[in-house]
Every structure is written in C-alpha cells, then in structure tokens.
Amino acid sequence: MATFLYRLGRGAFRRRGLVALVWVALLFAAGFGAATASAPTSGSFSIPGTEAQKAFDVLDEKFPGMAADGATARIVVKAPAGASVNDPKYKTEVEKIVSGLKDGPGKAEVASVTDPYQAQAVSQDGSTAYVSVKYTVSGMELKDETRDALKDSGTAAQSAGLTVEIGGDALMTAPETGSGEIIGIMIAAIVLVITFGSLIAAGLPLLTALIGVGIGVSSITALANVLDLGSTTSTLAMMIGLAVGIDYALFIVSRYRVELAEGRERDEAAGRAAGTAGSAVVFAGLTVVIALVGLAVVNIPMLTKMGFAAAGTVVIAVLVALTLVPAILGFAGKKVLPAGKKSKLFGKGKPAGAEPKANGGTRWARFVLRRPVMVLLVAVIGLGAIAIPASKLEMGLPDDGAQPVSTTQRKAYDLLSEGFGPGFNGPLMVVVDGDKKLADATEARIKGLEGVAAVMPPAPNEAGDASVITVIPKDRPSSVETEDLVHTIRDGSGDDVLVTGATAMNIDFSQKMNDALLPYLALVVGLAFLLLMLVFRSVLVPLKAALGFLLSVVAALGAVVAVFQWGWLGSVFGVEQTGPIMSMMPIFMVGVVFGLAMDYEVFLVTRMREAYVHGERPGQAVVTGFQYSARVVVAAAVIMIAVFAGFIGASEQMIKMIGFGLAIAVLFDAFVVRMTIVPAVLALLGHKAWWLPGWLDRLLPNVDVEGESLRKHLEGADGSPKADGPDKDRELVNA
C-alpha cells in the first residue's frame, strides 16, 4: 500500500493542475446540485420492530391520513389572572385565531384547525385553551408565508390582554450553529500557524478540508429529499468531515516538510509523505468509516442514514488528503516552509544529521518512561472519577420541554402543563385493532390504572373495526412514572391493543438504543481490533487501544450527564434546561469517538512501530514516536476539539450535546489516553507490546504502514537511490 500511495501522491504533485481542476469541478457540481435541490425535510422517523411502530402501521391501514407526517402546532392561550378564556371578549379573540388560520395566508397548507370550544380544549378552571393546527406538509417544508401566519396568529389576542404562545413542530427550522463554528475554525487556523510557522502551510489544511466538506455536505443536501435524509444529517457530516479533513491534511503536510528537511526534492517529498503518513491516514479513515457505517446495526433508518452520510464525508476527506493536498503542495512550492527554517519541526535550523534538541514531546515521553506506574494510576483514576455520573445516565428524546425557557415552544409547553397537567404534553395513543366491545373493555381497564389523569372515549374508524383511545398520564412525558404506565398498559393487553404516540416512541427508541449498544460495540471494536492488528503487527497494542477508548468514552459520557442532566456548569455551556440525555447520544459517541480515537492511535503509534522495526529499543521507540508525532497529534487534537466545541453554540439541543460530548471525548482520549496512558503501558510492556504469534504473523497480510517496502523500493542496499527509482523518473520527466 505504501508504494501505491507513494506513486499516487507523487503523481498528484506532478499533475497538480489536472488534480486541482477535478476537485474544483466536483465542488461546483455538488454545489449546483445542492442549490437546485428542494429544501431538505426533517426526515421520516421510524423504529422497526417496536410496538409503537406497529401501532403507527395499524393507523396507516385503518385510519388513512391520521398517521401522516404533516406538521402540527398548538396555539396556547391564557387569560389574565382572575379572568377566563370563556369570557365573551376573550372568546371572540380566540375564534379570530381559528378563522385566521383557516382562511388567512398559508391556508393551502392547512389540513385542519380545531376550535377549542367545540373540542373541549379548555382547562377546567377556564384559564387556558389551545387551538390545534394540522398541516399537509412537514415543518421543514412549510412555506415562509404559512409559518409567518402561524407566528402572527395571536398578535391581536395579545393586544387584547391574552398570553399567546405556540408549540409543536410547525415552527421547526434547520438548526443554526451560530458563530461558534466560525470561532472553532479560527482557533484551528491559529493552531496551524503556531504549529507550522507559515501562513501558507497553515492555510493549506483549512482550504482542502473546506473543499472536501463542501463537496460532502453539498452532496448530502442535493440528495436529502431523494434519500429522505433528516435536516441534521448535513450538520453532523460537516462536524465530523471538517475535523478529520483538517487533521488528515495536517499529517500529510507535516510529513512533507520533514521529508524536505532531509534534503529530498519536492515531488519525492510529496510521494514519501503520501506513502508513509498517507498510509496512516487511510487506516485511520477506515476506522472512522467502520464506526459510522456500523450504526446500521441499530436498525433505525434515520441513524443508519446519518452514519452513512458522515462516512461518505470522511471518505472524501481521505481522498482529498491523498490527492488534492499533494497537488496544492506543488503549487505552494517551498512557501510551506517557515521563514529561515527555524521551526521546531526542523530542529531550529540545525544541519541535517545533527542531534535534534529535545522538544516537548520528547521530554514528556521521557518523563512517562521514568514513572510509568504513577502516571498510569493517576490517568486511570482521574478518568474513572469523571466517569462516575455515567452510572446515573437517563435517556430520552428531547421535546418542547427541553427547549430554552426563552422560546415560545417552551412557554407553550409550560402553559399546557399548568392548565391541563404535566402529562398533557405527552399523551399516549392506544390503538385498538378490534371491535367496539374490545375498545370499551380497554378503556375501562386503563381508567383503573395508577398514573392515569384522563382517558378519552374510544374514537372508531369508519369501518368500526378499530379505535383510538387517548390517555393523559399524570406525570410529565420523560418521567419514570409515565414509562411505567406505558409498560403497564402493554403488559395487560393482547396483540390487538398497541400503545404509541411521541412518548411511547421515545421509550421504545431508548430501549432499542440500549439493546443495540453491546452488539454495536462488539462489531465496531472487533473489526477495528483486526484492522489495528494488521497495522501494528501486534496483539497487545490494539487491545490497549480499545480498552483506552472505552475508558475515555465512559468518562465523556460522565461529563455529558454532569452538564446536561445534572446542570453542573450548565450556564457555561449554554444549557438552559436539564433533562434526560438524548437516546442516540451514547451509541453515536461510541461510533464517532472510537473512529477518531483510533486516528491518534494510528498516527502516534505508527511512528513508534516504524522506529522499533528499524532497530530501536522499545523505550527509545516510544521517545522517537513522540519526538516526531506528539507536536502534530496535539495540534490535531486541539483543532478537532475546537471544531466540535464550535457546535456547542448551536440552537438545537441535540447538536449542542453532540458537540460538547465529542469535544470532551477527544480531549480525554488524545491527552489522557493516547499521550499519557499509551506510553506508560508501552513502557511497562517493553518488547511484549510488539508480540505477534508466528502463525498469526504468517496468516495476516503485510500492509506495511511503516513504509519499509517503500524504503526498499526506493533505495538500494547502501541507502542510495535505485537506478530505476524516483531520480530516474525525474530525469525522464525533465527530458
């Protein structure tokens, strides 16, 4: 592989004009497709194999149109203190809201509007009422005219003294990342300038990463409606693609500069950088792709599509690093070098062959090698302490109750809770697939259950062979009591009585996430273990990598629970409302963080392995690996943390939580596990770290990430270039 990538990188360097033209053409094509495609929707949501999904399937069959994906809205109206919405002057204002939505702007997209006085949607004390609106399209597809009409529907009522707030998914818009992501990119740029000491070298990874992400995200946008991708898919793909894109280009450029410092010609340096660092990029990218594609194991279409879309962006980032980066290096010339070659990367301008001054990575490695047991204990105990809150993890899906308290959705949610009870925001829909007798018996049984606030009479379909019973729990939708009520209704019913609704879907979703976590871990960690065994020709190094990852991801989950569930430092991270952790968060973190963690493992330990196979002692190989890779790995980690942390400023709670979780996980994994635990464990293992049974060594193919075969291919026995090597190729090109 190293030889193939060497030829690919050198070819891209020499034919840089053609390579750059192809990538720019791809960017314009993807951008044109995104610009001409219709706006992405929120994406359909289904959970195959769950009772809630089976109930929706029955609704589709027995109640055509009832389970449609159209947006809904609730306009909640509250009278002033001491007054009632039944007062004639307030009742007139509420009726104006109803008629305005039925006959006003955007009426073409309105499926139905419910009058609260006819639908008994007035609280017992008369203080609160709500107007239910159903639309023919999803919230993301609503026209601006329709959405504006909804927002303005209560303006006159507010002027009359009523409090009017709007909830539901009709106000859903594409998530905004705010200025945080821009700040993250700026931090990445500063880190790159400090690392390389050259504006050209610093700008190159940013430029290529933005091109790769532009192609990936534009392609997702162009195909969003065709493939039914959710509105958050492109945001998550951008988050991951931008981080790995910068990192992969960073490693190629860094190795290219080292090759130049050793006196090689520019095209030869580009080829060797692609053959050595490029090999690490390929395998690091493969681990990320395996982790993301492995999300298909969960068998939730939305999550599978998110994983595949993000994996596609990672593949583009790898291809950009192997082809576009060498091409742009050809255009940059020697401007990628710092002024006077005084960069720390080049030993502060010392002559080639001189003993380089010990840099920070070297000094840290030597410190760990002197005290491996102490360092290992401190790191493991520290991460273990941070992981403790993860034992109290509560999972659920966010609803309007998780919105910031300043939003109209959250205010509407609170008004409904005050006027109708906490459970009103999470009604259960009991679908009875049978005649009236079965429906009446089911209604009577549910009325006698603990935790039920109200039960609506069965609503039969036209054929009379199915009914829907609406159940209002006493407790809020995300409470343990409501979950127990759902299980109680299900346990006492037969196959013809099914419980669904948003609350039941959330419960089933969380359960499916829990059930899939261990199989997913086994698949992803198992495949990555085999991949790393190929890379490092070792059994213990991949095992250490996997165990270190598990420690860092559990610690990261502990931090997420502490901030988003318990509210610790919540104001610092803009968390206005605490609550259960998003159900997909643990499994999504496992997938993404595992892939990213293996990036640093591959980049850092590959240099150690390279030094070891070239004859260095195990301890010295660790020092050599840190000498050449620690500075770049630290820069890459800081960049990735900055990019992920930029999404903490997003308006959507899911994006905010994922941004924080990934940023803190990379912090733990890069600095505590890879930079601390890894050298300590390798120091304690010594030669055993690189042990591989002879039969397994013969069985596994040699992928040669260290570039040993490339070295033999390019150099003769005495170390001089071979007659048919790159120098000869260069003569032919010049001729």
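Because the structure is a prediction, the values reported are computed rather than measured. (Residues numbered from 1 in each chain as written. Predicted model: local features only at pLDDT ≥ 70, side-chain atom pairs only at ≥ 80, totals over all residues. Heavy atoms only, no water.)

### Concerning the packing of aromatic side chains
Heads up, the condition is: Each Phe, Tyr or Trp ring, with Trp reduced to its six-membered ring, pairs with another whose centre is within 6.5 Å; inter-plane angles below 30 degrees give stacked pairs, above 60 give edge-to-face pairs, and intermediate values give tilted ones. Each helix corresponds to a stretch of at least 4 residues labelled H or I by DSSP, and each strand to a stretch of at least 2 residues labelled E; elements are numbered beginning at the N terminus. Three labels apply to residues, based on accessible area from a 1.4 Å probe with only protein chains included: buried if under 20% of the type maximum, exposed if over 50%, partly exposed otherwise in between. By definition, being over a ring means that NZ of Lys or CZ of Arg is both within 6 Å of the ring centre and within 35 degrees of the ring normal.
One pass over the full model with this rule turns up eight aromatic pairs. Relative to phenylalanine 420, the ring of tyrosine 130 lies with its centre 5.4 Å away and its plane at 75°, an arrangement referred to as edge-to-face. Taken together, the residues tyrosine 130 in strand β3 (residues 128–135) and phenylalanine 420 in helix α14 (residues 408–420) connect sequence positions 290 residues apart. Since its relative accessible area comes to 21%, phenylalanine 420 is described here as partly exposed. The rings of Tyr130, Phe420 and Phe424 are connected pair by pair, giving a single aromatic cluster. One Lys or Arg, arginine 16, reaches over the ring of phenylalanine 13 and ends 5.2 Å from the middle of that ring.

### Comments concerning the sheet that holds strand β4 (residues 163–167)
As a reminder of what qualifies: Here the rule is simple: two strands pair whenever DSSP picks up at least two bridges between them. Each axis is a line fitted through C-alpha atoms, and for a helix only the stretch in contact is used; angles between axes span 0 to 180 degrees, taken between their N-to-C directions. Any pair of residues with heavy atoms lying within 4.5 Å of one another is described as a contacting pair.
One open sheet holds the four strands; their spatial order is β2-β3-β1-β4, and the pairing between them is antiparallel. The open sheet has two edge strands, β2 (110–114) and β4, and neither has a second partner. Recorded for the sheet is a direction-independent mean angle of 15° between the axes of neighbouring strands. Sheet analysis places β2 next to β3, joined by four bridges and oriented antiparallel. Looking at β3, one finds that serine 112 is bridged to lysine 134. Against the sheet, helix α4 (residues 88–103) engages β1 (72–78), β2 and β3, with an angle of about 165° to β2. In the packing of α14 onto the sheet, contacts are made with β1, β3 and β4, and the angle to β4 comes to roughly 110°.

### Some remarks on the pattern of salt bridges
Here is the rule we go by: Note on definitions: salt bridges are taken to be side-chain nitrogens of Lys or Arg within 4 Å of carboxyl oxygens of Asp or Glu.
Throughout the structure, instances matching the rule amount to 19 salt bridges. A salt bridge links glutamate 259 to arginine 264; its shortest N-O distance comes to 2.7 Å. On the basis of relative accessibility, which here comes to 5%, the residue glutamate 259 falls in the buried class. With a shortest N-O distance of 2.7 Å, arginine 674 and glutamate 601 are connected by a salt bridge. Here arginine 674 is found in helix α21 (residues 653–685), whereas its partner glutamate 601 is found in helix α19 (residues 585–613), with 73 residues between them in sequence. Owing to a relative accessible area of 0%, arginine 674 belongs among the buried residues under this scheme.

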